[in-house]
Amino acid sequence: MRWWDLPEVLALEADLFPEDAWSEGMFWSELAHARGPRATRRYVVAEETSPDGTARLAGYAGLAAAGGLGDVQTIAVARDQWGTGLGARLLTDLLQHATAFECDEVLLEVRVDNTRAQKLYERFGFEPIGFRRGYYQPGNVDALVMRLIVQGTGTEI
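Residue positions are counted from 1 within each chain, in the order its sequence is given. It should be noted that, the model being predicted, local features are given only for residues of pLDDT at least 70 and side-chain atom pairs only at 80 or more, the latter also being counted only at that level, while totals for whole chains, interfaces and linings use all residues. To obtain the side-chain values, all non-hydrogen atoms of the structure were used and water was disregarded.

Under the annotation held in an unreviewed UniProt entry, the chain carries the name Ribosomal protein S18-alanine N-acetyltransferase and is attributed to Streptomyces omiyaensis.

Here is the structure:
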């Protein structure tokens with residue numbers, strides 16, 4: 001993800017997460033840590049190309065890493081791309097970078113009412129480890145916290 005992707009990213013963010021969408025400033029802050037030799041973030045976008053050659057943003061994802069711990073910050077896939085495997089490809093990219101960042105485990109939070117995402121994470125081996133009450137605001141929706149152990153266990157990602 002680069003700065004010029006932000007208008008499309010923000011539009012998709014607002015569509016998919018109307019109550020708790022990230023602000024432009026939040027994305028800028030994350031991107032500031034995604035480049036250079038000391039990068040601690042990985043942000044990626046996926047584009048779809050129409051038959052006439054026009055590209056549009058189809059999804060994006062982000063990972064933060066520090067001290068052996070990775071955190072899936074966000075994954076978003078355009079509604080018309082649901083069920084195509086794009087979410088799995090985005091998550092695969094993040095997990096490959098978690099290994100490159102030498103993460104021992106990867107955590108994430110997912111809305112308790114987002115069963116589609118929970119099933120994706122479970123397919124990748126994430127397991128529930130707890131809840132964060134009222135995590136998603138202003139809707140006061142709980143988050144399910146999930147974890148994947150990625151180093152030292154023989155787990156291939």
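**Concerning the overall build of the chain**
Selection rule: We count a stretch as a helix when DSSP gives it H or I for four or more residues in a row; a strand needs E for two or more, and each element gets its number in order from the N terminus. As a reference, a globule follows 2.2 Å times the number of residues to the power 0.38, and the radius of gyration itself is taken over C-alpha atoms. Buried, partly exposed and exposed residues are distinguished by accessible area as a fraction of the type maximum, computed with a 1.4 Å probe on protein chains only: under 20%, between the cut-offs, and over 50%, respectively. Whether two residues touch is decided by their heavy atoms; if any such pair falls within 4.5 Å, the residues are in contact. Under this rule, positive means Lys or Arg and negative means Asp or Glu; His and the chain ends count for nothing. To locate a charge, the coordinates of NZ of Lys, CZ of Arg, CG of Asp or CD of Glu are taken.
Broken down by element type, the chain carries 4 helices and 6 strands. Starting at the N terminus and ending at the C terminus, the chain contains elements arranged as α-α-β-β-β-α-β-α-β-β. Rg of the C-alpha trace for the chain: 15 Å, near the compact-globule value of 15 Å for 157 residues, within the 12% margin. Each of the 157 residues in the chain was classed as buried or not, and the buried ones make up 41%. For the chain, the share of sequence-separated contacts (at least 6 apart) that also reach a separation of at least 24 residues comes to 54%. When the 15 positive and 23 negative side-chain charges of the chain are each reduced to one mean point, those points stand 2 Å apart.

**Quick notes on unusual backbone geometry**
Between Gln137 and Pro138 the backbone carries a cis peptide bond, its omega angle lying at 10 degrees. Residue position: Pro138 is located in the loop between strand 5 (127-136) and strand 6 (141-149). If you check the backbone angles, Glu102 has positive phi at about 60 degrees while not being a glycine. You can see Glu102 is positioned in the loop between helix 3 (86-100) and strand 4 (105-111). Phi is positive for Asn140, which is not a glycine, with a value near 60 degrees. Tracing the sequence through the fold places Asn140 in the loop between strand 5 and strand 6.

**Observations regarding the environment of Ala78**
Residue placement: Ala78 occurs in the loop between strand 3 (69-77) and helix 3. Through-space distance from the C-alpha of Ala78 to that of Val106 is 24 Å; in sequence the pair is 28 residues apart. The contact partners of Ala78, leaving out residues within four places of it in the chain, are Leu12, Arg56 and Ala58.

**Observations concerning the packing of helix 1 (residues 6-16) against helix 2 (residues 24-31)**
Put simply, the rule is: For helices, the fitted line uses only the C-alpha atoms of the stretch in contact; every axis is such a line through C-alpha atoms, and the angle between N-to-C directions lies from 0 to 180 degrees. Working definition: roughly parallel below 35 degrees, roughly antiparallel above 145 degrees, roughly perpendicular at 65 to 115 degrees, and oblique for all remaining angles. Rotating anticlockwise by less than a right angle from the far helix to the near helix defines a left-handed crossing, while the corresponding clockwise rotation defines a right-handed one. Asp, Glu, Lys and Arg are counted as charged, while Ala, Val, Leu, Ile, Met, Phe, Trp, Tyr, Cys and Pro are counted as nonpolar; the rest, among them Gly, fall into the polar class.
Interaxial distance between helix 1 and helix 2 falls to 10 Å at its minimum, and their mutual angle equals 125 degrees. Taken together, the axes of helix 1 and helix 2 are oblique relative to one another. Once helix 1 is placed against helix 2, the crossing between them reads as right-handed. Along the contact surface, helix 1 presents Leu6, Val9, Leu10 and Glu13, while helix 2 presents Glu24, Phe27, Trp28 and Leu31. In terms of residue class, the contact of helix 1 with helix 2 is made up of 6 nonpolar, no polar and 2 charged.

**Side note on the sheet that holds strand 2 (residues 55-66)**
Where we set the bar: A strand pair is defined by DSSP finding two or more bridges across the two strands.
Spatial ordering of the open sheet is given by 1-2-3-4-6-5, a layout of 6 strands whose pairing is mixed. Each having just a single partner strand, strand 1 (41-49) and strand 5 make up the two edges of the open sheet. Going across the sheet, the axis of each strand differs from the next one's by a mean of 25 degrees, ignoring polarity. When strand 5 meets strand 6, the two strands line up antiparallel, connected through 6 bridges. Of the residues in strand 6, the one forming a bridge with Arg132 is Ala143. Contacting strand 1, strand 2 and strand 3, helix 1 crosses the sheet at an angle of about 85 degrees to strand 2. The strands touched by helix 4 (residues 115-123) are strand 3, strand 4 and strand 6; relative to strand 4, the strand with the most contacts, the crossing angle is about 160 degrees.

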